[in-house]
Amino acid sequence: MSKHHLGEFEEVVLLTVAILHEEAYGIAIIDEMERRLDRKVSIGSLQTVLRRLEKKGHLSSKFGEATKIRGGKRKRYFTLTSYGRKVLETTKEQRMSLWNAIPNLDFRNGHA
């Protein structure tokens, strides 16, 4: 097992933060994941994973400006760290290695 092991949900969260780039905050991340993956995501589970990924050094965060629309509450924006990008790249390479090792697989016809 790689020292860069990510859980499936952690990987999806990191990829979504990368997709959203500088606009990655809680609700935007949830909306993007639900739209792309047709999967319900709770704010609690997302916040838990975001904190864990930040603690592991995969993400960094900063607060945006307070707005009247949000009652003065600031959004916390997340970005990938260089370590987080490296972990995603390693994970992608591992997945591609597995996919490429499957012999004679043709998903278009529904069988191998």
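Residues numbered from 1 in each chain as written. Predicted model: local features only at pLDDT ≥ 70, side-chain atom pairs only at ≥ 80, totals over all residues. Heavy atoms only, no water.

Chemist: I'm lost on the pattern of salt bridges in this one. Help?
Modeler: Side-chain pairs of opposite charge can arise whenever the charged atoms involved come near each other. Using the criterion set out here, one finds seven salt bridges in the structure. In this structure, Arg39 and Glu8 form a salt bridge, with 3.0 Å as the shortest nitrogen-oxygen distance. Within this pair, whereas Arg39 is found in the loop between α2 (26-37) and α3 (43-55), its partner Glu8 is found in helix α1 (residues 8-20), the two being separated by 31 residues in sequence. Here Arg39 falls in the partly exposed class, since its relative accessible area comes to 26%. In this structure, Arg95 engages Glu11 in a salt bridge whose closest nitrogen and oxygen atoms are separated by 2.4 Å. Here the residue Arg95 occupies a position in helix α4 (residues 82-100), and Glu11 occupies one in helix α1, the gap between them amounting to 84 residues. For Glu11, a relative accessible area of 12% gives the class buried. Three or more residues are tied together by salt bridges with common partners; here these are Glu10, Arg52 and Lys56. (Salt bridge = Lys/Arg side-chain N within 4 Å of Asp/Glu carboxyl O. Helix = DSSP H or I, 4+ residues; strand = E, 2+ residues; numbered from the N terminus. Buried < 20%, exposed > 50% of the residue type's maximum accessible area, 1.4 Å probe, protein only.)

Chemist: Honestly, the packing of aromatic side chains in this entry has me stumped. Any pointers?
Modeler: For any pair of aromatic rings, the description consists of the separation of the ring centres together with the inter-plane angle of the planes. One pass over the full model with this rule turns up one aromatic pair. Judged by centre distance (5.6 Å) and plane angle (70°), the ring pair of Tyr25 and Tyr77 falls under edge-to-face. With Tyr25 in the loop between α1 and α2 and Tyr77 in strand β2 (residues 74-80), the pair connects residues that are 52 residues apart, well separated along the chain. Tyr77 matches Tyr25 in its accessibility class, with the two residues each being buried. (Phe/Tyr/Trp six-rings, centres within 6.5 Å; stacked < 30°, edge-to-face > 60°.)

Chemist: Would you explain α2 in this entry?
Modeler: Taking 1.5 Å per residue as the helical rise, α2 with its twelve residues ought to reach 16 Å, and the 16 Å between its terminal C-alpha atoms agrees with that figure. Within α2, the full set of buried residues consists of Gly26, Ala28, Ile29, Ile30, Glu32 and Met33. Where α2 is buried, its residues meet α1, α3 and β2. One or two residues past the end of α2 sits Asp38, with phi positive at roughly 50°. (Expected span 1.5 Å × (residues − 1). Contact = heavy atoms within 4.5 Å.)

Chemist: Can you walk me through the nonpolar core in this structure?
Modeler: Across soluble globular proteins, nonpolar side chains have a tendency to be buried as a group. Of all hydrophobic cores here, the largest spans 24 residues; its most connected members are Val13, Val17, Ile29, Leu50 and Leu59. Considering every element that reaches this core, the biggest residue donor is α1, with six residues. In contact with Ile29, not counting residues within four places along its chain, are Thr16, Val17, Leu20, Ala24, Leu46, Leu50 and Phe78. (Core = buried A, V, L, I, M, F, W, Y, C linked by side-chain atoms within 4.5 Å.)

Chemist: Is there a simple way to explain the packing of α2 against α3 in this structure?
Modeler: If you want to describe how two helices pack, look at the angle between their axes and the distance between the axes. Between α2 and α3, whose axes approach to 10 Å, the crossing angle comes to 110°. Relative to α3, the element α2 is oriented roughly perpendicular. Taken as a pair, α2 and α3 cross one another with a handedness that is right-handed. From α2, Gly26, Ile27, Ile29 and Ile30 reach across to α3, where they touch Ile43, Leu46 and Leu50. Residue classes in the contact of α2 with α3 are distributed as six nonpolar, one polar and no charged. (Axes fitted to C-alpha atoms, helices over the stretch in contact; angles between N-to-C directions. Parallel < 35°, antiparallel > 145°, perpendicular 65-115°, else oblique. Left-handed = near helix turned anticlockwise from the far one by under 90°. Nonpolar A, V, L, I, M, F, W, Y, C, P; charged D, E, K, R; others polar.)

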